[in-house]
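# Tertiary structure, described
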Amino acid sequence: ITYTILPKVLGQPFKSCDSGAPIPSISCDSGVPIPSISNIGERMGRSQELSDSKRGPVIGGHLGNKSIRAISWLLNIPRSTVSGIITKWKQLGTTATQPTSGRPRHMTGRGQRMLKRTVHRSRQLSAESIAKDLQTWCGLQMSPTTVRRELHGMGFHGRAAASKPSITKCNAKRRMPWCKARRH
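Thresholds, definitions, all that
Once a new chain begins, its residue numbering starts again from 1 and follows that chain's sequence as written. Note on the predicted model: pLDDT of at least 70 is required for a residue's local features to be given, and 80 or more for side-chain atom pairs to be given and counted; whole-chain, interface and lining totals, by contrast, use all residues. Side-chain calculation: all heavy atoms of the structure are included, whereas hydrogens and water are not. A helix here means a DSSP run of H or I that spans at least four residues, while a strand means a run of E at least two residues long, and both kinds are numbered starting from the N terminus. Burial classification: accessible surface area is computed with a 1.4 Å probe over protein chains only, and a residue below 20% of its type maximum counts as buried, one above 50% as exposed, and the rest as partly exposed. Only the protein chains shown count as cover for residues, and the accessible areas themselves come from Shrake-Rupley with a 1.4 Å probe. Here, residues are in contact when the closest pair of their heavy atoms is within 4.5 Å. Residues adjacent in sequence count toward polar contacts only when both atoms are side-chain atoms; beyond that, a polar contact is any pair of N or O atoms within 3.5 Å, and within protein one must be able to donate a hydrogen and the other to accept it. To estimate the expected span of a helix, count its residues, drop one, and scale the result by 1.5 Å. Each reported salt bridge corresponds to a side-chain nitrogen of Lys or Arg within 4 Å of a carboxyl oxygen of Asp or Glu. Note: pLDDT gives the predictor's confidence per residue, expressed from 0 to 100. The axes used here are C-alpha line fits, helices contributing only the stretch in contact, and every angle between their N-to-C directions lies in the interval 0 to 180 degrees. In what follows, roughly perpendicular refers to angles from 65 to 115 degrees, roughly parallel to angles under 35, roughly antiparallel to angles over 145, and oblique to any angle outside these ranges. Three classes are used, and their members are as follows: Ala, Val, Leu, Ile, Met, Phe, Trp, Tyr, Cys and Pro are nonpolar, Asp, Glu, Lys and Arg are charged, and the others, Gly among them, are polar. In this analysis, a patch consists of residues with relative accessible area above 30% that form no salt bridge, clustered at 9 Å for like charges and at 5 Å for the nonpolar side chains Val, Leu, Ile, Met, Phe, Trp and Tyr. Note that His is not counted, nor are the chain ends; the positive residues are Lys and Arg, and the negative ones are Asp and Glu. By convention, the charge on Lys lies at NZ, on Arg at CZ, on Asp at CG and on Glu at CD. Throughout this description, the term nonpolar core refers to a set of buried Ala, Val, Leu, Ile, Met, Phe, Trp, Tyr and Cys residues connected via side-chain atoms within 4.5 Å.

## Section: the overall build of the protein chain
Scanning the protein chain from terminus to terminus reveals 8 helices and 2 strands. Going from the N terminus to the C terminus, the protein chain shows its helices and strands as α-β-β-α-α-α-α-α-α-α. Here the protein chain holds 184 residues, and 24% of them are scored as buried. Accessible surface computed for the protein chain: about 13700 Å², of which carbon and sulfur atoms make up 53%.

Structure representation (structure tokens):
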């Protein structure tokens, strides 16, 4: 990525477009037209991040001694994003996305929902049989330990049934008057 184009662009006068929003007029010394950057930071959701090609103009503006506010306004990117890109570039020397820390989760959200449905259908399945079912139904290869860990995280725990005495008809007849006497 080259960062030499935007400082020249930021110093040039503005043209207006149909919507009334100013966009920088972009031209190159060689005469080759460069695509407009007016819609670089269109409104996007929180989870999306800017691509490397969209981070380049931010660094170019910074190298052209433009303020964070000016870069933010020109590129229609939030000031916090511009500031973060510049800080990252100063610390790491690159604007590329760094790998995330930690081991990625094996179970996706879709797998968790399938696991939950499986357990709701039959609470007495073993972790081994659930792991086999998930492999045949949706191709998720996982161990019974992973199944247990995910179920514990969802709030499902293996419990032995409470032992209840078998009440015979004779004991039921004797017990009824005893219960009625203690009801009041």
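Still more ground to cover, so stick around.
## Description of the environment of T118
By the secondary structure assignment, T118 is in helix α5 (residues 109–121). Relative accessible area serves as the criterion here: at 3%, T118 is assigned to the buried category. Along the sequence, T118 and I130 sit 12 residues apart, while their C-alpha atoms lie 7.4 Å from each other. The residues contacting T118, other than those within four sequence positions of it, are L125, I130, L134 and W137. At a separation of 2.8 Å, a polar atom in the side chain of T118 contacts the main-chain carbonyl oxygen of M114.

## Some words on helix α4 (residues 79–92)
Over its 14 residues, α4 extends 20 Å from the first C-alpha to the last, a length consistent with the 20 Å expected when each residue adds 1.5 Å. Residues of α4 that are buried sit in contact with α2 (52–63) and α3 (68–75). Where α4 ends, the next residue or the one after it, G93, has phi of about 80°, a positive value.

## Notes on the pattern of salt bridges
This structure, assessed with the given rule, holds 2 salt bridges. Between E150 and R105 there is a salt bridge whose closest N-O contact spans 3.0 Å. Placement of E150 in helix α7 (residues 144–154) and of R105 in the loop between α4 and α5 is noted, with a sequence separation of 45 residues between them. Look at E150 and you get buried, because its relative accessible area is 10%. Among the residues examined, R105 registers a relative accessible area of 60% and is labelled exposed.

## Regarding the confidence of the model for the protein chain
Model confidence for the protein chain is summarised by a mean pLDDT of 76, while 74% of its residues fall at 70 or above. Contacts for the low-pLDDT stretch residues 1–38, under 50 throughout, to residues beyond four places or in other chains number 50 contacts.

## Examining the packing of α2 against α4
Two elements in contact, α2 and α4, have axes whose closest approach is 10 Å; the angle formed by their N-to-C orientations is 75°. One element, α2, and the other, α4, form an angle in the roughly perpendicular class. For the pair formed by α2 and α4, the contact residues are R55, V58, I59, H62 and L63 on the first element and V82, I85, I86, W89 and K90 on the second. Taken together, the residues of the contact of α2 with α4 sort by class into 7 nonpolar, 1 polar and 2 charged.

## Digging into unusual backbone geometry
What you tend to see is this: most non-glycine residues have negative phi, and most peptide bonds are trans. Here the phi dihedral of N65 falls at roughly 60°; this positive angle occurs in a residue that is not glycine. Positionally, N65 belongs in the loop between α2 and α3. You can call N65 exposed: its relative accessible area is 73%.

## Observations concerning a positive patch on the surface
The grouping of R110, R113, R117 and R121 at the surface amounts to a positive patch. For R117, the position within the fold is in helix α5.

## Digging into α3
Within α3, burial applies to I71, S72, L74 and L75. N76, located one to two residues past α3, shows a positive phi value of around 60°.

## Considering the nonpolar core
Core analysis: the biggest nonpolar cluster contains 14 residues, and L115, V119, I130, L134, M142, V147 and L151 have the highest contact counts within it. Of all the secondary-structure elements, those providing two or more residues to this core are α5, α6 (127–138) and α7. Tallying contributions element by element places α6 first for this core, with 5 residues. One finds V58, L75, I77 and I85 within the second-largest nonpolar core, a separate group that totals 9 residues.

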